[in-house]
Amino acid sequence: MSHPILSEFDIVFAGGGTTACVVAGRLAAYDPSLSILILEAGQHTLNKPIHVQSSQSLLNQAPTSTTVTFNIGNPSPHLNGRAPIVPSGRCVGGGSCVNFMVYTRAPASDYDDWGVNGWKSENLIPLLKKLEKYEVQPDCPTHGYDGPIKVSSGGRRTGIFNEFIHVGTTYHKRHYADDTEDLETCNTYSPSQKYIDGSTGIRSDAAHHYVYNQAHNPNLHIWDGKRVKRIIFEDKRAVGVEFTSDPVSCPDANQSSSIVRASKLVIISAGAFGSPTILERSGIGAGAILKRCGIEQLVNLPGVGENYRDHYLVIVPYLAADEIITTEALSRGNSILQESLAQNGIDSKIKWRPDDEELKAMSPAFQPRWKEFFQDRPDKAVAVFSPFAQYFSPLSRPRSSIPPTRNYTTACYYTLYPVSAGSVHINVTEDGKERMDFNTGFLDDPSDIVPLNFGYKKTREIFRRMASYRGEVAADHPNFPEGSAAACREASGPVELDAPDIIYTTEDDEVIDRFLRDVVQTPSHSLGTCAMKPEADHGVVDARLNVYGVSNLKVADLSISPLNVGANTYSTALLIGERAAMIIAEDLGINCI
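Residues numbered from 1 in each chain as written. Predicted model: local features only at pLDDT ≥ 70, side-chain atom pairs only at ≥ 80, totals over all residues. Heavy atoms only, no water.

### Some remarks on the nonpolar core
- Formed by 95 residues in total, the largest nonpolar core has its most connected members in W119, I231, L279, I284 and L553.
- A per-element tally of this core places helix α14 (residues 570-588) first, with 10 residues.
- Among all residues touching I231, those that are not within four sequence positions of it are A14, A238, G240, V241, V266, I268, I278, S282 and L553.
- By size, the runner-up hydrophobic cluster in this structure holds 68 residues, among which are L313, A383, I449 and F454. (Core = buried A, V, L, I, M, F, W, Y, C linked by side-chain atoms within 4.5 Å. Buried < 20%, exposed > 50% of the residue type's maximum accessible area, 1.4 Å probe, protein only. Helix = DSSP H or I, 4+ residues; strand = E, 2+ residues; numbered from the N terminus. Contact = heavy atoms within 4.5 Å.)

Shown next, in the form of structure tokens:
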């Protein structure tokens, strides 16, 4: 069946998320004569308040949102039969335009652990500096000051910043540092910086700072509302992309297919969900997966769609004092806080590692993982603890009603290196429609729930010592049995710093574990499904991002990450884009200095 060929470009991107914007923007700047096309299923984000105004970021997660895709996983017995939901960016700029703008960076050793030539920390630290403009403090040797992506402390800090730091450095007996994003510092309380322009209060995303700022370049094109179906090959050489109008972005458009050709290169950059499924629809993947979908196999590459990785997030809200400054006031139109519009509600954090006493209090099921992975790697945090200055309900347990108007805070904690892994593949339903076969792998390994259990207990102890603490939002906590010392309730104020910790019974622990399996969710840090590893080790791309078994085709996004990273993944997505731009420029003989 023939399809109309619209035109030809030098480079065509299948997907227009964070990394695609970085690569396309850099290549366009290196050589403005290159004709570049980005095909993105979502819509443009240029100057739209929901994307650029920091205080509106939560709107992207609303159930009716079209700026993210709510990827539904298969029901899992490890989640009490629940089908988890994992949002991913669905707009030009992808996750960078819908995330919570939290600035964290993985330890440098994470990249060394990849074991890939050209991707060691010594290769990547200069790029981490190149991509950012660090507005927080000068003369930090691992930070950059001339890059496109701005990092600041945001607007006015919320009232719980000092409380969290105070309890952390006294009760929790950890140190404080102004900067724990130096690629090695761990287990230290610190401010939580933000991907926000400190002078304007605007989100600092990849779309605006890599591609929209090159509107003067007539050779850089973005076609939004275009869903990529597959890559077109001639003798295993990628020569084009087949796409349709996206039914969500363009519900009234003709759904017939079109083809655009690429004379130099096709780059798949559709993220941990989109990239492997585009490859499979193009005939690249495991034979059994393709056969069940009626797709002729072009290349046997069984690693496609495997190695899905994520972080595990738990969100637990608390009641807060009336006088404390929280971002709840923003939604109530409190004029005193208009200067805080450059806020994401997260002002402090700790990249937490358990000390000896905490390790003893954790279930023995975690001990082998601790000894094998964490014990001799002091820069690897087990989890991040942060206070969020407003009420936030779990994605997996949305409230049926709006909570009473008052002040709230929320404990947010997520584990960074879970053992469990999942997969993302295409499948076909009985009526012939394509659907995603998505196994998150959440909590499949028994060691993964242990730090979540302890994280609930420790963050609760921290919050109940904060001056603004007024009790738990009982409906959003474990339902402890009547008479339990752990029972949740409203309180008149915090406990003393030296008050004894809550004693949890075996029955209480079972209640916590059931609760965690009900509510654990993604922080939308999905990666790994087109892993940059040797082909024999279920790899999909090589060190120069070439897809094994074909030519003229690369993958550049978080799906190439072979292992998890100990941070929010925006920084790694930007980094992959910077490195990919260098690789492609070298391949094309373009000067990228």
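Additional details are given in the paragraphs that follow.
### Observations concerning the environment of N344
- Secondary-structure assignment places N344 in the loop between α9 (328-331) and β16 (348-352).
- Along the chain, N344 and S54 lie 290 residues apart, while their C-alpha atoms are 6.3 Å from each other.

### A word on the pattern of salt bridges
- For the coordinates displayed, the defined rule picks out 29 salt bridges.
- Here E132 and R105 are joined by a salt bridge, their closest N and O atoms 3.7 Å apart. Of this pair, E132 sits in strand β5 (residues 132-134) while R105 sits in the loop between β4 (85-89) and α3 (108-114); the two residues are 27 residues apart in sequence, bridging distant segments of the chain. R105 shares its class with E132; the two are buried.
- Each member of the salt-bridge network shares a partner with another, and the members are R174, D355, E358 and K458. (Salt bridge = Lys/Arg side-chain N within 4 Å of Asp/Glu carboxyl O.)

### Looking at the sheet that holds strand β21 (residues 469-472)
- The sheet built from 7 strands is open, its strands ordered β7-β8-β16-β17-β18-β15-β21 with mixed pairing. Looking at which strands have only one partner, the edges of the open sheet turn out to be β7 (175-176) and β21.
- Sheet analysis places strand β15 (residues 312-320) next to strand β18 (residues 408-415), joined by 8 bridges and oriented antiparallel. The partner of V316 across the bridge, within β18, is A411. (Pairing = 2+ DSSP bridges.)

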